[in-house]
Amino acid sequence: MGSEPAEGAPATREEVPTAAPTAPAATPAEPTATPAEPAGSAATTSEAAAPAESTAPADSAAPTDRAEPTDGAPSSEAAAPGEAAAPGEAAAASEAAAPTDGAAPTESPTPTPGPRPAPSPSPRPRPTPRRQVPTPAAVAPAAAAPSVVAPVDAHDAAEAAAWGRVDDDGTVYVREATGERVVGQYTGADTEEALGFYVRRFLDIQAQLALFEARLAQITPKEIDQTLATLTEALAEPAVVGNVDGLRERLEKLRSAAGERRKQAAAEREAARAQAVAERTVIVEKAEQIAEQDPARTQWKQSGQRLRDLLDEWKTAQRTGPRLDRPTEDKLWKRFSHARTAFDRHRRQYFSELDATQDQVKAAKEKLIARAESLSTSTEWGRTAATYRELMDEWKAAGRASRKDDDALWARFRAAQQKFFDARSAQNAEIDAEYGENLKAKLALLEQAEAILPVTDIKAAKAALRPIQDKWDEAGKVPRADVQRVEGRMRAVEQAVRDAEQAAWKRSNPETKARAEGAAAQLESAIAQLEEDLAKARNGGDAKQIADAEAALEARRTWLDQVQRAVHE
């Protein structure tokens, strides 16, 4: 059954249907004004608040067999001051509360502070078409699933309930600093249940305020402004019962704290922005360092990969870091882009020049290969081998072509050399086979020569070595692989004989012997004089002169001994 609108209610307001799904009951009229709801409420400012609100899951439907509460002033308060409610007018306005789920419209007479009027037997025609709101029955399927009801602290609920009262007709009031204010009407229920509905709304707003207070240091300025706007609107004239003035005072304190938080957030943003600028600048400077490398020493593959990594770092910083102001970001990006462009230009120029150089190297090596191939059939082994060494020096000085070309060119050059040296090795092998007997003869001569050592008699050693040397020359050549070995052994014997002869001559040199004898005479005279000085020092008892004389005398005697041994040798 629909509720009868109160006289004087605005024609643009809609009734909140009060019919419960099982047992509808008459409800008071629509209030003259709907207070602002807390954030998350399902009702708009142009509609009367119904219990089915997102912030109050427990009140998503009206109690069974009871009328829905209506927010705002009761029907007895709806008329303008000094006007009496006309039953005919109230009856005509009751048609505005037609449910949207197809239920037949019902009506009820205007409630008065006295006994509740009985419902009229039939619906009345609507005076004007109005926008309809769904009844709890219409939204019942969506709310059929069991919901989790937020627990209500009994102490907090009791404190909040102390700020309200309920009239006999179900009108609910809240006490504020400016006096009592009507928050709605909850008919067909006792005082505790009527207050409980609006107390839960108050506790919802209080919980939102506490949550905002707890998260103030963590949320962004935009979220702060949005939350403050929502809470300010919710506390303008809320349809709640509780210490509304206390919540408003808390909100004002939080508004001041929010201002400090904005300043802190602004400082944090500025610091983060400065840090981001520094990090981007480091990326740019690294890119510029890569671009400024000497092209001749640049490792292009590694440097190119490093530039790509720096670009990824830039994109990551741009995507996940704080936003920079446009002029700063544009300036840094231009530097970064210029570095990448310069690197690409240097790389293209380097490889262009490298291609030209490698073409020149390739042409030069082609000429060397032609010369090497022309010499590959030569039988002038010594002269041709020297020429190949010269060609190899020119090859190294020519530089490198591209890897593919250089490998192919080297294979051709090496093949020409190998052909010549293989032919020479084959010729040497034939010669070595002929020189094998000569090698045996020289090895026998070496055994005879080495038997002379060590040299004890110079004349006998020289006499024995001379015929061996004559036979050595007559033996002829030996295989190339053995030349150094056998020649080295013979040279060692000859050198030992020469060294022994030289040592003997030094010992018998008349000039050397005369110098040694003269030095010995001088030392003997000095020793005699030192012995006299030592005797005088001992007679005088001078310890220092004695020590000096003894040291000098000992040194002269040592020198004399060495000179005399040299003379005798």
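Computed from a predicted structure; not experimentally measured.

Draft legend 1. Here's a closer look at the overall build of the chain. Along the backbone of the chain there are 15 helices and four strands. Here the chain holds 569 residues, and the buried ones make up 35% of them. A fraction of 71% describes how many contacts in the chain between residues 6 or more apart in sequence connect residues 24 or more apart. Accessible area of the chain: about 32,600 Å², with a carbon and sulfur share of 53%.

Draft legend 2. Up close: the pattern of salt bridges. Tallied over the full model, the rule gives 30 salt bridges. Salt-bridge contacts for Arg181 lead to Glu176; the nearest nitrogen and oxygen are separated by 2.7 Å. The class for Arg181 is buried, based on a relative accessible area of 13%. The shortest N-O distance in the salt bridge between Arg335 and Glu288 comes to 2.9 Å. Pair noted here: Arg335 is in helix α8 (residues 326–375) and Glu288 is in helix α6 (residues 244–291), with a separation of 47 residues, a long-range link. What you see here is one network of salt bridges that share partners, running through Glu176, Arg181, Asp245 and Arg248.

Draft legend 3. Quick peek at the confidence of the model for the chain. This prediction gives the chain a mean pLDDT of 74; 72% of its residues lie at or above 70. Mean pLDDT values for the elements of the chain range from 34 in helix α2 (residues 87–93) up to 93 in helix α7 (residues 300–320). Of the regions scoring below 50 in pLDDT, residues 1–68 engages in 213 contacts with residues more than four places distant in sequence or in other chains. Confidence drops under pLDDT 50 across residues 72–149; counting only partners more than four residues distant or on other chains, this segment forms 140 contacts.

Draft legend 4. Spatial organisation of α8. Between the first and last C-alpha of α8 there are 72 Å, a value that for 50 residues agrees with the 74 Å anticipated at 1.5 Å per step. All buried positions along α8 are accounted for by Glu329, Leu332, Phe336, Ala339, Ala342, Phe343, Gln358, Val361, Lys365, Leu368, Ile369 and Ala372. Its buried side turned inward, α8 meets α6, α7, α9 (381–398) and α10 (403–434).

Draft legend 5. Layout of the nonpolar core. In this structure, Val172, Val183, Tyr198, Phe212, Ile224 and Val241 are the most contacted members of the largest nonpolar core, which totals 32 residues. Looking at this core, the elements that each hand over two or more residues are α3 (154–161), β3 (171–176), α4 (191–215), α5 (221–234) and α6. If one sorts the elements of this core by residue count, α4 sits on top with 10 residues.

Draft legend 6. Just the pairing of strand β4 (residues 179–185), in detail. Among the seven residues in β4, five count as buried, and that is most of the element. Adjacent in sequence and paired antiparallel, β3 and β4 are bridged by two residues.

Draft legend 7. View of the environment of Ala385. One can find Ala385 in helix α9. Overall, the relative accessible area of 3% leaves Ala385 in the buried class. In this structure Ala385 touches Glu380, Phe420, Phe421 and Arg424, once residues within four positions along its chain are discounted.

Draft legend 8. Looking closely at unusual backbone geometry. The omega torsion across Leu453 and Pro454 is -5°, close enough to zero to call that bond cis. Here Pro454 is to be found in the loop between α11 (436–450) and α12 (458–475).

Draft legend 9. Representation of the packing of aromatic side chains. For the structure on display, the rule yields 16 aromatic pairs. Following the ring pairs from residue to residue traces out a cluster consisting of Trp300, Phe343, Tyr350 and Phe351. Against the face of Tyr173 rests Arg165, its NZ or CZ located 4.1 Å from the ring centre. In this structure, Arg280 packs its charged tip against the face of Trp314, placed 4.7 Å from the ring centre.

Draft legend 10. A look at α12. The terminal C-alpha atoms of α12 lie 26 Å apart, and with 18 residues this matches the ideal 26 Å at 1.5 Å per residue to within 8%. For α12, the complete set of buried residues consists of Ala461, Leu465, Ile468, Trp472 and Ala475. Measuring from the backbone nitrogen of Lys459 back to the side-chain oxygen at the start of α12 gives 3.3 Å, which picks out Asp457 as the cap. The first or second residue beyond α12 is Gly476, which carries a positive phi of 90°.

Draft legend 11. Representation of the environment of Ser378 within the structure. The residue Ser378 is located in the loop between α8 and α9 in this model. Along the primary structure Ser378 and Phe420 are separated by 42 residues, whereas in three dimensions their C-alpha atoms are 7.1 Å apart. Sequence-distant contacts of Ser378, that is, excluding residues within four places in its chain, are made with Thr384 and Phe420. Within polar-contact distance, the side chain of Ser378 engages the backbone nitrogen of Glu380 at 3.2 Å.

Draft legend 12. Seen up close, the packing of α7 against α8. Contact geometry of α7 with α8 gives a least axis separation of 12 Å together with a crossing angle of 165°. By the angle between their axes, α7 is roughly antiparallel relative to α8. For the element pair α7 and α8, the recorded crossing hand is left-handed. Contact residues: α7 offers Trp300, Ser303, Gly304, Leu307, Leu310, Leu311, Trp314 and Gln318, while α8 offers Glu329, Leu332, Trp333, Phe336, Arg340, Phe343, His346, Arg347, Tyr350 and Phe351. Split by residue class, the contact of α7 with α8 holds 11 nonpolar, four polar and three charged.

Draft legend 13. How the structure looks around the packing of α3 against α4. At their nearest, the axes of α3 and α4 sit 9 Å apart, and the two run at 110° to each other. Regarding the angle of α3 to α4, the classification is roughly perpendicular. Our pair here, α3 against α4, has a crossing hand that is right-handed. On the side of α3, the interface is formed by Asp156, Ala157, Ala160 and Ala161, while α4 contributes Leu195, Val199, Phe202, Leu203 and Gln206. Grouping the constituent residues of the contact of α3 with α4 by class yields seven nonpolar, one polar and one charged.

What counts, and at which threshold
Residues numbered from 1 in each chain as written. Predicted model: local features only at pLDDT ≥ 70, side-chain atom pairs only at ≥ 80, totals over all residues. Heavy atoms only, no water. Helix = DSSP H or I, 4+ residues; strand = E, 2+ residues; numbered from the N terminus. Buried < 20%, exposed > 50% of the residue type's maximum accessible area, 1.4 Å probe, protein only. Contact = heavy atoms within 4.5 Å. Areas by Shrake-Rupley, 256 points an atom, 1.4 Å probe, with all protein chains shown as cover. Salt bridge = Lys/Arg side-chain N within 4 Å of Asp/Glu carboxyl O. pLDDT = per-residue confidence, 0-100. Expected span 1.5 Å × (residues − 1). Core = buried A, V, L, I, M, F, W, Y, C linked by side-chain atoms within 4.5 Å. Pairing = 2+ DSSP bridges. Phe/Tyr/Trp six-rings, centres within 6.5 Å; stacked < 30°, edge-to-face > 60°. Lys NZ or Arg CZ within 6 Å of the ring centre and 35° of its normal. Polar contact = N/O pair within 3.5 Å; in protein donor to acceptor, adjacent residues only side chain to side chain. Axes fitted to C-alpha atoms, helices over the stretch in contact; angles between N-to-C directions. Parallel < 35°, antiparallel > 145°, perpendicular 65-115°, else oblique. Left-handed = near helix turned anticlockwise from the far one by under 90°. Nonpolar A, V, L, I, M, F, W, Y, C, P; charged D, E, K, R; others polar.

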